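# Report on the structure
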Amino acid sequence: MISQQNFDLVRPFLKYQIKDRGLNISISRENWDTFNGWKKRGKSICKGSKGFRVELVVPYTASKIKNKTKVGFATRQKVLFSEEQTL
């Protein structure tokens, strides 16, 4: 499941894309995830489903110096799917 902070960032983009496609999908954090997120939950995406493109903030390891790990953050384009698009 995506984090609450990421979901708060992408909520306006999801609302716009849902309205643009003329769909009636609920916008709650529990109903949205990436392809791999749904796979980890034991669900699969229906064939032919089109995801919703958003930008999420993801952590990465910037450097490791003397047993200290420095973590950075970057934005990455991801595709989210709603629970209605899963089997």
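All of the points below concern the structure found in this document.

What follows covers the nonpolar core. The biggest cluster of nonpolar side chains holds eleven residues, and these are Ile2, Phe7, Val10, Leu14, Ile18, Ile25, Trp32, Phe52, Val54, Leu56 and Leu80. Breaking this core down by element, the ones donating at least two residues are α1 (4–21) and β2 (52–65). Per-element accounting of this core gives the leading share, four residues, to α1. Residues contacting Ile2, with those up to four places away along its chain left out, are Phe7, Arg29, Trp32, Asp33, Leu56 and Leu80.

With 18 residues, α1 ought to run about 26 Å at 1.5 Å a step, and its terminal C-alpha atoms sit 24 Å apart, in line with that. Maximal helix bending in α1 amounts to about 45 degrees, located at Val10; proline Pro12 follows within four positions. Among the residues of α1, Asn6, Phe7, Val10, Leu14, Gln17 and Ile18 are the ones counted as buried. Close packing links the buried residues of α1 with β1 (32–34), β2 and β3 (68–82). One or two steps after α1, the chain reaches Gly22, where phi turns positive at roughly 70 degrees.

Within the secondary structure layout, Asn24 lies in the loop between α1 and β1. When its relative accessible area of 74% is taken as the criterion, Asn24 is described as exposed. Along the chain, Asn24 and Thr86 lie 62 residues apart, while their C-alpha atoms are 16 Å from each other.

Basis of the calculations
- Numbering of residues begins from 1 in every chain and follows the order in which that chain's sequence is written.
- Selection of residues for local features in this predicted model requires a pLDDT of at least 70, selection of side-chain atom pairs for listing and counting requires 80 or more, and totals for whole chains, interfaces and linings are taken over all residues.
- Neither water nor hydrogens contribute to the side-chain values; these are computed over all heavy atoms in the structure.
- We define a nonpolar core as any set of buried Ala, Val, Leu, Ile, Met, Phe, Trp, Tyr and Cys residues linked to one another through side-chain atoms lying within 4.5 Å.
- Summary of the burial criterion: residues with accessible area below 20% of their type's maximum are buried, those above 50% are exposed, and those between are partly exposed, where the area comes from a 1.4 Å probe applied to protein chains only.
- Helix and strand labels come from DSSP, where a helix needs a run of H or I of at least four residues and a strand needs a run of E of at least two; each type is numbered from the N terminus.
- What makes two residues a contact is simply this: any of their non-hydrogen atoms within 4.5 Å.
- How far a helix is expected to stretch is found by multiplying one less than its residue total by 1.5 Å.
- Here the bend at a residue means the angle between the axes of two seven-residue stretches, the one that ends at it and the one that starts at it.

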